[in-house]
Amino acid sequence: MSYERFSVDCPGCGETKRHYTTLAEYIGHSCRCGTAFTIDPETQSVGEVLSE
């Protein structure tokens, strides 16, 4: 099974976050600026902002 790596920008401060893979089913992340968000591997973008 092949996969792609991708990066997303934090919706709070714009900082580019590390590489994620399209194989992940659910990814949650918290940035240094305090913003917590999910990452949607299907669209390779930020999913839902959980807190700012």
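Residues numbered from 1 in each chain as written. Predicted model: local features only at pLDDT ≥ 70, side-chain atom pairs only at ≥ 80, totals over all residues. Heavy atoms only, no water.

Topic: the overall build of the protein
Part 1: Regarding its fold elements, the protein presents 0 helices and 5 strands.
Part 2: Along the protein, helices (α) and strands (β) appear in the sequence β-β-β-β-β when read from the amino end.
Part 3: Relative to a compact globule of 52 residues, whose C-alpha radius of gyration would be 10 Å, the protein shows 11 Å and is just as compact.
Part 4: Within the protein, buried positions represent 27% of all 52 residues.
Part 5: Pairs at least 24 apart in sequence give 19% of the contacts found in the protein among residues at least 6 apart.
Part 6: As displayed, the protein offers around 3,600 Å² of accessible surface, 44% of which is attributable to carbon and sulfur atoms.
Part 7: A distance of 12 Å separates the average location of the 4 positive side-chain charges in the protein from that of its 8 negative side-chain charges. (Helix = DSSP H or I, 4+ residues; strand = E, 2+ residues; numbered from the N terminus. Rg over C-alpha atoms; globule rule 2.2 N^0.38 Å. Buried < 20%, exposed > 50% of the residue type's maximum accessible area, 1.4 Å probe, protein only. Contact = heavy atoms within 4.5 Å. Areas by Shrake-Rupley, 256 points an atom, 1.4 Å probe, with all protein chains shown as cover. Lys, Arg positive; Asp, Glu negative; His and termini not counted. Charge placed at Lys NZ, Arg CZ, Asp CG, Glu CD.)

Digging into the side chain of Thr-38
Part 1: Within the secondary structure layout, Thr-38 lies in strand β4 (residues 36–40).
Part 2: Looking at Thr-38, its side chain comes within polar contact range of the main-chain nitrogen of Glu-48, at 2.8 Å. (Polar contact = N/O pair within 3.5 Å; in protein donor to acceptor, adjacent residues only side chain to side chain.)

Regarding the confidence of the model for the protein
Part 1: Taken residue by residue, the protein gives an average pLDDT of 84. The fraction at 70 or more is 90%.
Part 2: Within the protein, strand β1 (residues 5–9) carries the highest mean pLDDT (90), whereas strand β3 (residues 27–30) carries the lowest (78). (pLDDT = per-residue confidence, 0-100.)

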